[in-house]
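# A closer look at the structure
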Amino acid sequence: MQERRRADSAGASGSEGGHRHPDSESGLNLKPSARTHARPTALEERTPGQPGQTAGQTSVDDPIFSCRDVNVYYGAKHALKHVTIDVARKQVLAAIGPSGCGKSTFLRCLNRMNDTIPGARVTGSITLDGQDIQDKRQDVVQIRARVGMVFQKPNPFPKSIYDNVAYGPRIHGLARGRSDLDDIVCTSLQRAGLWNEVKDRLRSPGTGLSGGQQQRLCIARTIAVQPEVILMDEPCSALDPIATARIEDLIDELRASYAIVIVTHSMQQAARVSQRTAYFHMGELIEVGETDRVFTNPRHRLTEDYITGRFG
Ligand code: ADP
């Protein structure tokens, strides 16, 4: 998968934000023995109080999402600060950073899930294919169909495998009849890599599957309503290594059709599955860019500290 990822990782382009590091062409040696030289200077060069200044490449050509100066408050708590970032089509963007840095808050901005949290307030501009999703006139049910979400803990409905997948197409009126619905269920389960394991027990409860199968069922349920973007909030944190590897392979296949934004606490996972990586720290987007570049040549000292394990 690493080779596939590297071959395709040149998709992002656009303006360079932040400051250029003098060693940016050569790449940093992040081995512990080499940590004392060539530290990025972006942090030192930042002007204190200048909000939203992110190192790296915040914009891409023809983005599916454009977020500009996005802030999220939970009551008085300023949880996400002046975040400006694009999400590219047919790519995986990984959001990494220490616990509490705002990764999930950022993810929830992309399908108005923060609306469900009492006291949460979002400012700034978030456009999906050029449409302002913050506009209160937007149908939030439609937005969540276009921008599906897979959660940390697999959460199948207490229904059959078939009905879990058929639920969304039914409520959105996507099937013309029974055989159409059967096709959608079959195709969605195939694309989620689950069909062969469940085709003979579609009427069995979804909750009877293993954890990894349940997560793939949830992915099938998300795919069934034909989303444009899939958000994943630590989708493998409840899974064993084998189930995790299956989900990671699936993510790699799904990006041929969808933009994916994944929150992960695992830097190895971010490196394996994503083409772009965004590093958050205390509510700020510190750095974003091509994953290979961010991991081998971070432009911000905080990013380097985090990926080399010096953080904390
Ligand atoms: P991460 O996903 O990086 O762990 P979160 O986005 O969950 O971080 O949280 C960012 C900050 O916002 C944290 O300080 C967290 O305590 C706070 N926070 C998250 N959700 C809520 C909430 N519902 N009410 C109040 N504060 C919240």
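Residues numbered from 1 in each chain as written. Predicted model: local features only at pLDDT ≥ 70, side-chain atom pairs only at ≥ 80, totals over all residues.

## Digging into the pairing of strand β9 (residues 259-263)
Consecutive side chains along a regular strand alternate between the two faces of the sheet. Burial runs high along β9: 5 of the 5 residues are buried. Both faces of β9 are covered, namely the face carrying Ala-259, Val-261 and Val-263 and the face carrying Ile-260 and Ile-262. Relative to β9, strand β4 (residues 92-96) runs parallel, the two being bridged by 4 bridges. By the bridge assignment, Ala-94 is partnered in β9 with Ile-262. Sheet topology note: the strand β8 (residues 229-233)/β9 ladder contains 5 bridges and is parallel. Along β9, the bridge assignment pairs Met-232 with Ile-262. Note on the crossover from β8 through helix α9 (residues 241-254) to β9: the handedness is right-handed. (Buried ≥ 20, exposed ≤ 12 C-beta atoms within 10 Å, placed from the backbone. Helix = DSSP H or I, 4+ residues; strand = E, 2+ residues; numbered from the N terminus. Pairing = 2+ DSSP bridges. Right-handed = clockwise from strand over helix to strand, strands pointing away.)

## Some details on α9
Helix length check: α9 (14 residues) gives 20 Å between terminal C-alpha atoms against 20 Å at 1.5 Å per residue, within 8%. Those residues of α9 that fall on the buried side of the exposure criterion are Ile-247, Ile-251 and Leu-254. Take α9 and look down its axis: the buried residues cluster within an arc of 70 degrees, on one side only. Within α9, the exposed residues directed more than 90 degrees away from the buried face are Pro-241, Ile-242 and Glu-253. Packed against the buried residues of α9 are β4, α8 (211-223), β8, β9 and α10 (267-273). (Expected span 1.5 Å × (residues − 1). Arc of directions from axis to C-beta. Contact = placed C-beta atoms within 7 Å.)

## Considering unusual backbone geometry
Located in the positive-phi region is Asp-62, a residue other than glycine, with phi close to 50 degrees. Look at Asp-129: it is not a glycine, yet its phi comes out positive at around 55 degrees. Residue placement: Asp-129 occurs in the loop between β5 (120-128) and β6 (131-132). Using a count of 14 C-beta atoms within 10 Å as the deciding quantity, one classes Asp-129 as partly exposed.

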